[in-house]
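The primary structure of each chain is shown beneath.
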Amino acid sequence: MPKAQETILEIDLKALSHNFNHLKSKLNANTKFLAVVKAYGYGSDACEIALHLQELGVDYFAVAYVKEGVALRDAGITLPILVLHPQPVNFKTLIERCLEPSLYNAKVLRAFIDAAKDEKQKDYPVHIKFNTGLNRIGFGENDIDNIHTSLINVKSVRIKSIFSHMAASEDLNEKDFTLSQIASFKTICDKISKLFGYLPMQHMCNTSGILNYPEAHFDMVRSGIGLYGFGNSEKESQDLKPIATLKSVISQIHLIKKGETVGYNRAYKSDTFQKTATIPIGHADGIGRQYGNGKGFVTINGKRAPIVGNVCMDMIMVNITDIECQEGDEVIIFGQHPTAEVFSKSANTISYEIITAMSQRIKRVIL
Ligand SMILES: *Cc1c(COP(=O)(O)O)cnc(C)c1O
């Protein structure tokens with residue numbers, strides 16, 4: 001592929017197919033696959049990712065907010081789209097665009113029933129979210145009777161699925177806790193099926209759940225990070241391929257004399273002769289200030305160049321004293337090697353954070 005001439009995020013759809021097929025191979029033939037494409041497809045390009053996955057035969061999509069679902073519909077996604085965390089203010093739009101809400105407390109359930117009636121809907125598919133230990137959003141087991149009472153004479157909505165979310169599916173030290181979450185979820189499913197007289201689809205696993213808890217795949221699994229090429233451990237990651245490569249170029253090279261400083265606040269003071277390269281990417285692009293001052297690094301001609309001084313809004317300066325390179329040379333920030341996981345560790349964070357931080361200013365190039 002041609003060398004980068006500006007900052008770009010390359011998205012490799014072949015790697016996406018690989019990850020999808022790998023995760024799919026962990027499922028029974030009749031288990032459905034929901035692809036999580038929230039947050040711009042984990043910072044890549046939600047629409048391109050979703051269109052590709054739609055062709056590969058994924059069953060469902062999920063986004064966090066209504067606006068993200070609308071963008072998928074505008075791009076031609078026709079599969080069902082679950083909105084994980086909708087707000088009542090957007091329910092009319094949600095219904096108009098055939099998005100399916102997660103309903104997670106009495107207030108949103110009530111608001112959605114009203115919205116579905118107002119829009120003259122019949123059996124509108126909704127998904128009831130249960131909290132089994134993450135304590136983030138969701139009804140409790142004790143709310144089941146009230147959910148039933150609220151829905152018993154309601155023709156406008158129908159429960160399509162019930163689901164929950166694991167708090168520590170990647171952490172095998174927390175296996176007992178996860179097993180207790182799975183057990184609570186099963187109890188909830190039983191109660192729902194008895195009260196309602198039908199059993200909606202059930203789902204619980206995220207990527208690490210798929211890999212670590214095959215007994216909890218139920219009717220569908222929800223994968224995000226795995227599709228983008230990361231697991232939550234080295235073992236999980238080894239069969240996956242990062243789909244996104246962040247590249248840039250050297251804009252300018254500076255020779256820094258002993259005693260000179262580099263960047264804002266003069267944060268870097270040189271005590272010997274140094275050579276620096278200025279790269280057109282900064283904290284406005286997603287490279288946070290915590291990567292500055294020697295923590296984060298880029299790769300130039302196969303060698304590591306640490307970030308020198310503070311990260312600026314649109315630029316970083318890196319130390320290239322020992323690297324053979326020129327203005328215009330390509331710079332790799334993360335991709336196959338080093339991965340976003342390795343890069344993010346340099347600032348004590350996780351792959352999820354760095355990949356979703358890529359700002360919309362960075363040009364996406366689809367391979
Ligand atoms: C984001 C999210 C997922 C995807 O999790 P990964 O760890 O990225 O696979 C699944 N379910 C819910 C409810 C989520 O919010």
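Just so it is clear, the structure is predicted and the values come from calculations on it, not from any experiment.

How each quantity is defined
Residues numbered from 1 in each chain as written. Predicted model: local features only at pLDDT ≥ 70, side-chain atom pairs only at ≥ 80, totals over all residues. Heavy atoms only, no water. 1 Å grid on protein atoms, 1.4 Å probe; cavity = no way out; pocket = protein on both sides within 12 Å on 5 of 7 lines; lining within 4 Å. Points joined across faces, edges and corners; volume = space filled by probe spheres on them. Helix = DSSP H or I, 4+ residues; strand = E, 2+ residues; numbered from the N terminus. Nonpolar A, V, L, I, M, F, W, Y, C, P; charged D, E, K, R; others polar. Domains from an automatic or database assignment. UniProt positions renumbered as here; feature names shortened; annotations may be inferred. Buried < 20%, exposed > 50% of the residue type's maximum accessible area, 1.4 Å probe, protein only. Contact = heavy atoms within 4.5 Å. Right-handed = clockwise from strand over helix to strand, strands pointing away. Pairing = 2+ DSSP bridges. Axes fitted to C-alpha atoms, helices over the stretch in contact; angles between N-to-C directions. Parallel < 35°, antiparallel > 145°, perpendicular 65-115°, else oblique. Left-handed = near helix turned anticlockwise from the far one by under 90°. Near = heavy atom within 4 Å. Polar contact = N/O pair within 3.5 Å; in protein donor to acceptor, adjacent residues only side chain to side chain. Areas by Shrake-Rupley, 256 points an atom, 1.4 Å probe, with all protein chains shown as cover. Salt bridge = Lys/Arg side-chain N within 4 Å of Asp/Glu carboxyl O.

Q: Any chance you could explain the layout of surface pockets here in plain terms?
A: For the largest pocket, the calculated volume is near 750 Å³. What lines the largest pocket is a set of 31 residues, and nearest its centre among them are Lys 38, Arg 136, His 165, Asn 206 and Tyr 352. Breaking the lining of the largest pocket down by element, the ones donating at least two residues are helix H2 (38-43), strand S9 (220-223), helix H11 (340-345) and helix H12 (351-356). At three residues, the largest contribution of residues to the lining of the largest pocket is made by H11. Classifying every residue of the lining of the largest pocket by side-chain character gives 13 nonpolar, eleven polar and seven charged. Each of domain 1 (31-228) and domain 2 (244-366) gives at least three residues to the lining of the largest pocket.

Q: I would appreciate a short explanation of the UniProt feature "active site" (unreviewed entry) in the chain in the present structure.
A: UniProt tags Lys 38 and Tyr 264 as "active site" (unreviewed entry). Separation in sequence by 227 residues is matched in space for these annotated residues, since their most distant C-alpha atoms are 34.6 Å apart. Of the residues named above, Lys 38 line the largest pocket. Mapping Lys 38 onto the fold places it in helix H2. By relative accessible area, which is 56% here, Tyr 264 ends up exposed. What Tyr 264 contacts, discounting residues up to four positions off in sequence, is Asn 310 and Cys 312.

Q: I'm lost on empty space enclosed by the protein in this one. Help?
A: What the rule picks out here adds up to two cavities of 30 Å³ or more. Quantified by volume, the largest cavity comes out at close to 70 Å³. Every residue lining the largest cavity is listed: Leu 9, Tyr 42, Gly 43, Ser 44, Tyr 228, Phe 230, Ile 243, Ala 244, Phe 334, Ile 355 and Met 358. Across the lining of the largest cavity, the residue classes tally to nine nonpolar, two polar and no charged. Counting contributing residues, the lining of the largest cavity receives three or more from each of domain 1 (31-228) and domain 2 (244-366). Here the second largest cavity defines a volume of roughly 40 Å³. As for the second largest cavity, its lining consists of Lys 129, Phe 130, Asn 131, Thr 132, Leu 134, Arg 136, Ile 137, Ser 164 and His 165. Split into classes, the residues belonging to the lining of the second largest cavity amount to three nonpolar, four polar and two charged.

Q: Would you mind going over the pairing of strand S5 (residues 100-103) with me for this structure?
A: Across a regular strand the side chains alternate sides, sitting on one face of the sheet and then on the other. Burial along S5 is two-sided: the residues Glu 100 and Ser 102 and Pro 101 and Leu 103 are all buried. Following the chain from strand S4 (residues 81-83) across helix H5 (residues 91-96) to the adjacent parallel S5, one finds a crossover that is right-handed. One ladder, built from two bridges, connects S5 with strand S6 (residues 124-130); its direction is parallel. Bridging from a neighbouring strand, Ser 102 pairs with His 127 of S6. In this view, the connection linking S5 to its parallel neighbour S6 by way of helix H6 (residues 106-118) has right-handed handedness.

Q: Can you walk me through the side chain of Thr 31 in this structure?
A: Tracing the backbone through its elements, the reader meets Thr 31 in the loop between helix H1 (13-24) and strand S2 (32-36). Apart from the residues lying within four places of it in its own chain, the contact partners of Thr 31 are Lys 24, His 217, Phe 218, Asp 219, Met 220 and Val 221.

Q: Which parts of the structure should I look at to understand the packing of H1 against helix H3 (residues 46-56)?
A: Think of two packed helices as two axes; the pair is described by the angle between the axes and how far apart they sit. Contact geometry for H1 and H3: axes closest at 11 Å, N-to-C directions at 50 degrees. Classified by the angle between their axes, H1 and H3 sit oblique to one another. Viewed along their axes, H1 and H3 form a crossing whose handedness is right-handed. Here Leu 13, Leu 16, Ser 17 and Phe 20 of H1 come into contact with H3, specifically with Glu 48, Ile 49, His 52, Leu 53 and Leu 56.

Q: I tried to follow the site of the ligand on my own but got confused; where do I start?
A: The full set close to the ligand counts 13 residues, and Lys 38, Tyr 42, Thr 207, Ile 225 and Tyr 352 are the nearest of them. Take Lys 38: an N or O atom from its side chain is 2.8 Å from an oxygen atom of the ligand. Arg 222 places a polar side-chain atom, nitrogen or oxygen, 2.9 Å from a nitrogen atom of the ligand. When the free accessible area of the ligand is taken as 390 Å², the share hidden by the protein chains comes to 93%. Residue classes in the shell around the ligand are distributed as five nonpolar, five polar and three charged.

Q: Any chance you could explain the pattern of salt bridges here in plain terms?
A: Pairs can form between side chains of opposite charge once their charged atoms are near each other. Following the criterion strictly, the structure yields eleven salt bridges and no others. Here Lys 363 makes a salt bridge to Glu 6, at a shortest N to O gap of 3.4 Å. With Lys 363 in strand S19 (residues 363-366) and Glu 6 in the segment before strand S1 (8-11), this residue pair connects regions lying 357 residues apart in the sequence. Take Glu 6: its relative accessible area is 39%, and that puts it in the partly exposed class. Among the ionic contacts, a cluster of salt bridges with common partners joins Glu 10, Lys 247 and Glu 330.

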